[in-house]
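Fold and contact review
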Number of protein chains: 2
Amino acid sequence: MEECRKTLCTFSGLAMVKKGIKVNEKGIILVAVIKDVAKLAGVSVGTVSKYLNTPELLREDKRAAVEDAIQKLNYKPNLFARNLRVQDSKTIAVIAQEIRNPFHAALFNTIRKEAMKYNYSVVLYSLNDINGNFDTLFETLPIHYFSGVISCYFHDMEQSIDFAKRHSKVPMVIMTNSERYFDEYDSEKIVHADFTQGIQKVCEYLISLGNTRIAYIGCRTKDQLRDPKLKGFMLTMEKHRLEPHSIVRLEKEYTMQTGYESAEQILRSGQLPDAILSDTDVMSIGVLNCLRNHGIQVPDDIMLASFDNIEQAEYCNPRLTTLNVPIEAMSVKAVELLVAQMENRECKNTGNAFELELIIRETTKNR
Amino acid sequence: MEECRKTLCTFSGLAMVKKGIKVNEKGIILVAVIKDVAKLAGVSVGTVSKYLNTPELLREDKRAAVEDAIQKLNYKPNLFARNLRVQDSKTIAVIAQEIRNPFHAALFNTIRKEAMKYNYSVVLYSLNDINGNFDTLFETLPIHYFSGVISCYFHDMEQSIDFAKRHSKVPMVIMTNSERYFDEYDSEKIVHADFTQGIQKVCEYLISLGNTRIAYIGCRTKDQLRDPKLKGFMLTMEKHRLEPHSIVRLEKEYTMQTGYESAEQILRSGQLPDAILSDTDVMSIGVLNCLRNHGIQVPDDIMLASFDNIEQAEYCNPRLTTLNVPIEAMSVKAVELLVAQMENRECKNTGNAFELELIIRETTKNR
DNA sequence: TTGTACGCGTTATCAA
DNA sequence: TTGATAACGCGTACAA
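Here the residue index of a chain counts from 1 through its sequence in written order. Each chain gets a letter, beginning with A, and each ligand a number, beginning with 1, in the order they are written. Confidence filtering applies because this is a predicted model: local features only for residues at pLDDT of at least 70, side-chain atom pairs given and counted only at 80 or more, and all residues used for totals across whole chains, interfaces and linings. Processing note: side-chain calculations cover all non-hydrogen atoms of the structure and skip hydrogens and water entirely.

An unreviewed UniProt entry annotates chain A as LacI family transcriptional regulator originating from Schaedlerella arabinosiphila.

Spelled out as structure tokens, the structure:
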């Protein structure tokens, strides 16, 4: 007993002092644990535990006593102890691209809010921190300490899918951007929007407006041959027997700055294109800025259309014609599917495919 | 022993199966734990633990053996067990406003990256999720499971400070926006920029341009009398014996949409102001949009200036005149101070005050 | 319906 | 330098 108290003093006490948690003059922690609640309520720890997990199995008087003690002590269960015991963290890892990008911020925010509804916490892993390197992620992410994973790294679907396969036993939902992944992976693990079709819609629209010399702006992916957006562009151009004015895919991140630089590169090439198809709204905003700097009017001199429909697309000047990606709805669905997996419930795998809708604003017009 | 194995089967096995972790046909978990490493390396668990924490205290041959075993088993320490034992989570809670706001996204992202350098994880608590209610936060946030807290909820400093005081023993850093908090709180816990002075700078500049009828746009804070930005505006106007054209402070969130609506309200009031001073860039973008819809030219008909200097301020049309808040530098400092607190190091409390610099762009001009 | 006792995976202590 | 062991706080099987 003396020994025990000593240990308490040196170990917990010190550790807690270090953490800044209140301790009394004897070095005993003042943060209540289940034992303290039990003592105060005059019951056993087992009973307190039952109160926390299956309160309906408790007699009313005991229930009230425990509740009262918890209140008085401001008791909060220790999550580490609980997680350790039940081998489940109630935490979801979100593998995303870059939180400063409004598209991904919206995605992350929705996932976070939805997860909260199901009592799950969310931790963000940003692939931009590690240069999009999934091997690094594989090494650093302690994946088996998460209840589940949502992967929404559109930038390199091949790697995302590969990563998921390496963890096939872990509850996971992947947001994908191309039909081709449907065959490769369980459909109840996929939330899907067909970016190839999406770009085709945009490109068809630009062509229908009479544009023939169309420039394409994107960022270079590792597996560039399979970039679904670029593919959609190429398919549409071929279908109409049109040659791209140019294809600019810098090895940079999706930022306004990159959009600006991409536009500059197009301008340097000499002859102006009729239209620019940018594969993200964020880049488009940079494009607009660059064109304005060069005195080029949008849409009169050059038209511009892009992809995502971030909130800002409606607020820039001129307002962006773009393709709506229902990212909030997709995120809600992703969490729903993941929770079903984590809790071993069946979940109909219908309705995981989302439509992309063209939003026509001011950067395009009838010639 | 039989009993033990049985328990393993029913409990861990099942729990793990539920989680989708690999188990063999006997229900034994195939995720390696420290015991497995020890067995394979032919050492005790204590030795493996030493390898993980103080490898320099190990003999070379043992060190190599453990390293080899860890490799072979792809062993990763269980964080819950470790946290439970050492009573420290190596996790920082960030109390922020709204991750979709670019200003706060930049803030959160920098904190996250910096924290990573010191081997801390970061969890986001967004006050917008809970309507800015600190009492809710107080109840739901398991604060003593975090190694430290960074509070950057500028929207209601009174409550932020109060929250911090209620947790005075917890390592915490607060970003503040007004001189007045310096006296109330330990200076080594504060990263500071004087928003009152900042707005004064902006307002002085607008007045120096010949504007006299200036409208102010912000959002309503709970403690509106002490809103440092509004205060700066009022002080400057009084100093110049000017009456505000109008003060619009909707009870909404800081969004482009709110900025739009605020501008509409100003326009409805009849006589146009000479200039609008908006207290955040995000709102300004909405203002620009609204003015354009009404055919009002910026800066010719109305000038506009604001606060934050988010990246987008340089990319909108016209480009925003605004006040630079060095949010990245402030975030870096915040993490530095927090780490010092968490690890009981001294940290000179100099240089925690950051200067706000006026950035003149296109929404203002000499008349 | 409640209490007892054990174990989750780790680190710290102490003896060897 | 290493190994055995207790303890972190909780949930659950089983006994009462």
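1. Concerning the overall build of chain A
A run of H or I in DSSP becomes a helix once it reaches four residues, and a run of E becomes a strand once it reaches two; helices and strands are each numbered from the N terminus. When you go through chain A residue by residue, the secondary structure sums to 14 helices and twelve strands. Buried means the residue's accessible area, taken with a 1.4 Å probe over protein chains only, is under 20% of the maximum for its type, while exposed means over 50%, and partly exposed covers the values in between. When each of the 367 residues of chain A is scored for burial, the buried share is 57%. In chain A, the share of contacts with a sequence separation of at least 24, taken over all contacts with a separation of at least 6, comes to 68%. Split by element, the accessible area of chain A, about 16300 Å² in all, is 50% carbon and sulfur. Contacts are residue-level and defined by heavy atoms, with any inter-residue pair within 4.5 Å sufficient. Under the convention used here, a 1.4 Å probe and the Shrake-Rupley method define accessible areas, while residue burial counts only the protein chains that appear.

2. Considerations on the interface of chain B and chain A
With 63 residues of chain B in contact, the opposing surface of chain A contributes 63 residues. Any carboxyl oxygen of Asp or Glu that lies within 4 Å of a side-chain nitrogen of Lys or Arg is treated as forming a salt bridge with it. Counting every contact that joins chain B to chain A gives two salt bridges. The closest approach of N and O atoms between B:Arg292 and A:Glu362, which form a salt bridge, is 3.0 Å. Contacts described as polar in this section are N or O atom pairs within 3.5 Å, which, within protein, must combine one atom able to donate a hydrogen with one able to accept it, while residues neighboring in sequence count only if both atoms come from side chains. Seen at the junction of chain B and chain A, the total is 20 residue pairs in polar contact (both at pLDDT 80 or more). Contributing elements (two or more residues each) for the side of chain B that touches chain A: helix H1 (2-19), helix H5 (79-86), helix H6 (102-117), strand S2 (121-126), helix H7 (134-140), helix H12 (256-268) and helix H13 (281-293) of chain B. Three classes are used, and their members are as follows: Ala, Val, Leu, Ile, Met, Phe, Trp, Tyr, Cys and Pro are nonpolar, Asp, Glu, Lys and Arg are charged, and the others, Gly among them, are polar. Its residues placed into classes, the side of chain B that touches chain A shows 30 nonpolar, 15 polar and 18 charged.

3. Some details on the side chain of A:Thr363
All names here are of chain A. Following the sequence through the fold, Thr363 ends up in the segment after strand S12 (357-359). A polar contact is formed between the side chain of Thr363 and the backbone nitrogen of Thr321, at a distance of 2.9 Å. Among all residues touching Thr363, those that are not within four sequence positions of it are Leu288, Val298, Pro299, Met303, Leu304, Pro318, Arg319, Leu320 and Thr321.

4. Re the protein's contact with DNA strand D
Note on definitions. A residue lies near a molecule or strand when any single heavy atom of the residue is within 4 Å of it. The local shell around DNA strand D holds 28 residues, among which A:Ile34, A:Tyr75, A:Arg85, B:Thr47 and B:Lys62 are the closest. Across the atoms of DNA strand D situated within 4 Å of the protein, the share located in sugar and phosphate is 74%. For DNA strand D, a base nitrogen lies 3.3 Å from a polar atom in the side chain of B:Arg85. One of the side-chain nitrogen or oxygen atoms of B:Gln87 is found 3.1 Å away from a sugar or linking oxygen of DNA strand D. When contributions to the surface near DNA strand D are tallied by element, the ones reaching two or more residues are helix H1 (2-19), helix H3 (45-53) and helix H5 (79-86) of chain A together with helix H3 (45-53) and H5 of chain B. Here the surface near DNA strand D is built from residues that sort into 13 nonpolar, eight polar and seven charged.

5. Some details on the packing of helix H2 (residues 34-41) of chain B against H3(B)
All names here are of chain B. Only the stretch in contact is used when fitting a helix axis, every axis being a line fitted to C-alpha atoms; angles between N-to-C directions are given from 0 to 180 degrees. As a packed pair, H2 and H3 sit with axes 8 Å apart at the nearest point and diverge in direction by 105°. The orientation of H2 relative to H3 falls into the category roughly perpendicular. Residue-level inspection shows Ile34, Lys35, Val37 and Ala38 of H2 in contact with H3, the latter providing Val45, Val48, Ser49 and Leu52. Tallied by class, residues from the contact of H2 with H3 come to six nonpolar, one polar and one charged. Here is the rule for angles: anything less than 35 degrees is roughly parallel, anything more than 145 is roughly antiparallel, 65 through 115 is roughly perpendicular, and the remaining ranges are oblique.

6. Section: the sheet that holds strand S6 (residues 214-219) of chain A
All names here are of chain A. Think of it this way: DSSP has to see at least two bridges between two strands before they count as a pair. Ordered in space as S7-S6-S8-S9-S10-S12, the six strands form an open sheet in which the pairing is mixed. Edge positions in the open sheet fall to strand S7 (246-250) and S12, since each of these has one partner strand only. Along the sheet, successive strands turn relative to each other by an average axial angle of 20°, direction set aside. Bridging between S6 and S7 involves five bridges; their strand directions are parallel. From the neighbouring strand, Gly218 faces S7, where its bridge partner is Arg249. Sheet strands touched by helix H12 (residues 256-268): S6, S7 and strand S8 (275-278). Its angle to S7, the strand with the most contacts, is close to 145°.

7. Regarding the packing of aromatic side chains
In summary, the pairing rule links any two rings of Phe, Tyr or Trp, Trp by its six-membered ring, whose centres are within 6.5 Å, and it sorts them by plane angle into stacked for under 30 degrees, edge-to-face for over 60 and tilted for everything else. Counting across every chain of the model gives 14 aromatic pairs over all chains. Taking the centre distance of 5.4 Å and the plane angle of 50° together, the rings of B:Phe134 and B:Phe163 count as tilted. Highlighted residues: B:Phe134 in helix H7 and B:Phe163 in helix H8 (residues 157-166), separated in sequence by 29 residues. The pair formed by B:Phe134 and B:Phe163 is uniform in burial state, with each residue classed as buried. Taken together, the aromatic side chains of A:Phe103, A:Phe154, A:Phe195 and A:Phe307 make up a single cluster linked through ring pairs. A ring has a charge above it when a Lys NZ or an Arg CZ is no more than 6 Å from the ring centre and no more than 35 degrees off the ring normal. Residue placement shows A:Lys90 over the ring face of A:Tyr120; its charged tip is 4.4 Å from the ring centre. The ring of B:Phe307 carries B:Lys229 above its face, with NZ or CZ at 4.2 Å from the centroid.

8. Describing the relation of the copies chain B and chain A
It takes a turn of 180° to lay chain B on chain A, together with a shift of 0.0 Å along the axis; the resulting RMSD is 0.1 Å. Both copies of the chain, as the preceding transformation shows, are related through a two-fold rotation axis. In terms of C-alpha distance to the rotation axis, chain B has B:Phe80 as its closest residue, with the C-alpha 2.4 Å off the axis. Interface overlap between copies is the fraction of interface residues in one copy that are interface residues in the other; for chain B against chain A it reaches 100%, indicating a shared surface. The copies were overlaid with a least-squares fit restricted to C-alpha atoms from residues scoring a pLDDT of at least 70 in each copy.

9. So, the protein's contact with DNA strand C
In the region of DNA strand C, 28 residues are neighbours, and A:Thr47, A:Lys62, B:Ile34, B:Tyr75 and B:Arg85 sit closest. Looking at DNA strand C alone, sugar and phosphate atoms form 77% of those within 4 Å of the protein. One of the backbone N or O atoms of A:Ser44 is found 3.0 Å from a phosphate oxygen in DNA strand C. Contacts to DNA strand C include B:Ser49, whose side-chain N or O atom sits 2.9 Å from a phosphate oxygen. Of all elements in the fold, only H3 and H5 of chain A together with H1, H3 and H5 of chain B reach the threshold of two or more residues within the surface near DNA strand C. Here the surface near DNA strand C gets four residues from one element, more than from any other, and that element is H5(B). Per-class residue counts for the surface near DNA strand C are twelve nonpolar, eight polar and eight charged.

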